[in-house]
Every structure is written in structure tokens, then in C-alpha cells.
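# Results of the structural survey
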Amino acid sequence: LQFLYFIEAGGKGRGFPMPWPGDARNIEEFVSRFSPLLYDNLDTWDEDVEDLHRCGVKVNGFAGQLHWMQIVSWVMIVIQVTFLYSLIIPMMRYPGDVILIVGCTVLSLLVVIGNVACCLTQSADPAVFRDIRWTKQDWEQYITIKYRDGWDGALVDEFKYKDKLLGLQKGELRWCSMCHVAVWQTSYHCHSSNKCVDHMDHFCKWLNTSIGIANYKYFKVFSLACFWTSVIQFSIGMYEFSDSFQDPHFYKTRMTAVYDTLADGAIHAMRAFMFVSTILALVAIVQLGYLYGFHIMLYRLDFTTVTYWQQKNTDTAQTEPTIEA
């Protein structure tokens, strides 16, 4: 049972296959080699209590402790919106200011809605919160059915989770060693949120939540809206920065009308702030452009981020040359 636990739960429960190491001489050596990879241990399973796992599950992006990158993202959103509405738009000529107000308002709403919807949408496999956790006896009975008695044996009728057996037999479901429930084969256990996520893509620290099939569309809306907001901020910021030198009379007149000041120091401060903000916007454009381009590639390849890197690591391992002594 200890060996089957490592085979059945240890590898697949973590989202990657666990091959038999060719240089392992016996089962004991195999188990001792892979024991550090597991969170659960078959010998101490009896000490676990029902729903203990769920106490450590991150339900959504706003539950529990907030990640510092999530806080930074909200601060950046507030600064970006404040910069656009208090500095960029008031200095624009008509009708550019009206167009910017409409465009920036739509994009800002998409950024906020996409962020909140992505954080609050539950991305976990349905079994994580719906099903009762398997006990050690349930798992031993399942292993006995699978590896000894067969799927039509006498223990099938006595099995508590008989409705799961067909999915487990067909490979549609698999047992997760950390959630202790049968989840979809396409689910991957996210260790940052401590739950299996259906079609998991990645854990986003900026949103403090796991991105899966349920909230992936909101993640795309959020990232795309951030990208185009950064493009507008960079483009208009550079235009206003250069315009302050090319047409200083209009710039001073506009600042007098908007901010009631003609001080040269205020103009220099405005130029410096615009220059720094446009540089930051350029950095955001490069990062978000790379991110969205990467996800377009994943869509064309029919991969998630998790499956892409799994496939890439597998291809790398297969192409590595064998070093002979």
C-alpha cells in the first residue's frame, strides 16, 4: 500500500507523472527517494481529520492574507487612473479630452471589473468543496478494487464513492493526494492556493488567485484592459511631454486655467512626472505585451501554462544526452 500510495497519489496528485527510476533496486529505495515530494503520508493519515485540508484552502483572491503584489497592483491602478484624469486629460485640447474621458472610463471599468471578477470567481475543481474527503480506509478499498479485485469485484458495491469509480476507471477522474478527493483528470493541484484547479493555467500573484478555466476569461479582460490603458498613458504622456516644449505658451495658459499657477517650477515638475510615468507605462506595455503574446501562443497550441512547461520539460529531458562513465 505504501508503494501504491506513492505511485497512485504521489505523482499524479501533484500534476506530473512519476516514472519508475531505472537505477532503483527495490521498492523501499524508490519510496525513500520520492518521499520528500509528498505532503501527505500514508502512515499518519489516521491523524488527519475531516475538512482539515479545507482550512488551508484559499477560497478566492480576497480571502485570507493578501499578497504584497496584489496590494501593489491596486496601488498602481489608483495611480494610473489618477494620473490620467488629473494630469493628462485636463491638459488635452478639445475634442481629444472628450475622447480620452470616454475611452479611459471604459478601460478603467474593465480593469476593475476584470480584477474583481477574476479574484472572486471560484476556480477550484468542483469536488474540492463539494465532496467529502476520503479516509485512509476509503483509499485502501479503492486501491484494492483497482489493483487486485478488479472493477467488477465484490468490493465495488460496498465502496462509499461508487459513483466515482466509473470516472476513475475511464481515466476521466484521478485521486488527489493533497485534496483527498477524486478530481477531474484535467485538474492540477495549486500549492499556492492549496486546492485542485480545473484546467489550471497559473497562480497570479498580482491577483492573488489561481487562474483556471472558470476565471481565465476575466484574467484576459483584466490583462488586455491594463495593456491598452498603459498604451494610452504612454502615447498621450509622450505627446503632452513634447508639446510642453513645442508650444510652451499654450501649455502655460492651459496650466493657469486648470491648476491656477504659472510657476516655472510647477511646469518642470509636471514634465518630470509625465516623463517618469510614461517610462513606467512603457515597462508595463512590454511586460503585458509579452504576457498576452505568450497566452496567444498557448491558445494556438491548445496548452495552459502548466501543460506547456510540463511538455517543455519532458522534451528537454528526452533530448538530453546520456553521459557514460
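Along every chain, residues carry numbers that run from 1 in the direction the sequence is written. Restriction of local features to residues with pLDDT of at least 70 applies here, the model being predicted, together with a cutoff of 80 or more for giving and counting side-chain atom pairs; totals for whole chains, interfaces and linings are based on all residues. Here the side-chain values reflect all heavy atoms present in the structure, with hydrogen atoms and water set aside.

### Points about the overall build of the protein chain
Operational definition: A run of H or I in DSSP becomes a helix once it reaches four residues, and a run of E becomes a strand once it reaches two; helices and strands are each numbered from the N terminus. Relative accessible area decides the class of each residue, using a 1.4 Å probe on protein chains only: under 20% of the type maximum gives buried, over 50% gives exposed, and in between gives partly exposed. Throughout, a residue-residue contact means that at least one pair of heavy atoms, one from each residue, lies within 4.5 Å. Using a 1.4 Å probe, accessible areas were evaluated by the Shrake-Rupley method; residue-level cover was limited to the displayed protein chains.
Secondary structure summary: the protein chain contains eleven helices and six strands in total. By residue count, 43% of the 325 residues in the protein chain fall in the buried class. Long-range pairs, those at least 24 residues apart, make up 63% of the contacts in the protein chain between residues at least 6 apart in sequence. Looking at the protein chain as shown, the accessible area adds up to about 17900 Å², and 64% of this sits on carbon and sulfur atoms.

### Concerning the packing of helix 8 (residues 216–246) against helix 9 (residues 248–259)
Our working rule: Interaxial angle, 0 to 180 degrees, is taken between N-to-C directions of lines fitted to C-alpha atoms, where a helix line uses only the stretch in contact. The scheme is simple: roughly parallel for angles under 35 degrees, roughly antiparallel for over 145, roughly perpendicular for 65 to 115, oblique for anything else. Throughout this entry, Asp, Glu, Lys and Arg are counted as charged residues, while Ala, Val, Leu, Ile, Met, Phe, Trp, Tyr, Cys and Pro are counted as nonpolar. The remaining residues, Gly among them, count as polar.
The interhelical angle for the contact between helix 8 and helix 9, taken along N-to-C directions, is 110 degrees, at an axis separation of 5 Å. The pairing of helix 8 with helix 9 is recorded here as roughly perpendicular in orientation. Between helix 8 and helix 9, the contacting residues are E240, D243, S244, F245 and Q246 on the first element and P248, F250 and Y251 on the second. Counted by class, the contact of helix 8 with helix 9 contains four nonpolar, two polar and two charged residues.

### Observations concerning helix 3 (residues 68–88)
The criterion, for reference: For a helix, the expected span equals 1.5 Å multiplied by the residue count minus one.
Its 21 residues place the ends of helix 3 28 Å apart at the C-alpha level, agreeing with the 30 Å of an ideal helix rising 1.5 Å per residue. When helix 3 is considered as a whole, its buried residues turn out to be M69, Q70, S73, I77, Q80, F83, L84, L87 and I88.

### Details of the confidence of the model for the protein chain
What counts here: Think of pLDDT as the predictor's per-residue confidence, scored from 0 to 100.
Residue-level pLDDT values for the protein chain average 78, and 78% of them are 70 or greater. Per-element mean pLDDT across the protein chain ranges from 49 in helix 2 (residues 27–34) up to 94 in strand 6 (residues 209–211). Within the model, pLDDT remains below 50 along residues 10–24, and this stretch shows 41 contacts once partners closer than five positions in the same chain are excluded. Below a pLDDT of 50 lies the segment residues 34–41, which in the model reaches 18 contacts outside its immediate sequence neighbourhood of four places, other chains included.

### With respect to the layout of surface pockets
Rolling a probe over the atoms, with the probe sized like a water molecule, indicates the empty space that remains. Put simply, the test is: Every definition here rests on a 1 Å grid over the protein atoms only: cavities are sets of points where a 1.4 Å probe fits but cannot get out, pockets are open sets enclosed by protein on both sides within 12 Å along at least five of seven lines, and lining residues have some atom within 4 Å of a point. Grid points are joined across faces, edges and corners, and a volume is the space filled by probe spheres set on the points.
Reported here for the largest pocket is a volume of approximately 910 Å³. Lining the largest pocket we find 28 residues, and of these M76, W206, C226, A284 and L288 sit closest to its centre. Going through the elements one at a time, helix 3, strand 5 (202–204), helix 8 and helix 10 (264–301) are the ones with two or more residues in the lining of the largest pocket. Here the lining of the largest pocket takes eleven residues from helix 10, the largest share from any one element.

### Quick notes on the packing of helix 3 against helix 8
Here is the rule: Whether a crossing is left-handed or right-handed is set by the direction in which the near helix is turned from the far one by less than a right angle, anticlockwise for left-handed and clockwise for right-handed.
At a minimum axis distance of 11 Å, the contact between helix 3 and helix 8 shows a crossing angle of 35 degrees. The way helix 3 lies across helix 8 gives a crossing that is left-handed. Two secondary-structure elements touch here, helix 3 through I77, Q80, F83, L84 and I88 and helix 8 through F222, T229, S230, Q233, I236 and G237.

### Some thoughts on the pattern of salt bridges
Note the threshold: When a carboxyl oxygen of Asp or Glu lies within 4 Å of a side-chain nitrogen of Lys or Arg, that pair is called a salt bridge.
For the coordinates displayed, the defined rule picks out four salt bridges. Two residues, D131 and R130, come together in a salt bridge whose shortest N-O distance is 3.0 Å. The salt bridge involving D131 is made with K164; its shortest N-O contact spans 2.9 Å. Here D131, found in the loop between helix 5 (126–130) and helix 6 (136–149), pairs with K164, found in helix 7 (residues 162–170); they are 33 residues apart in sequence, far enough to count as distant. Across this residue pair, the class does not change: D131 and K164 are buried. Sharing partners across several salt bridges, the network here consists of R130, D131 and K164.

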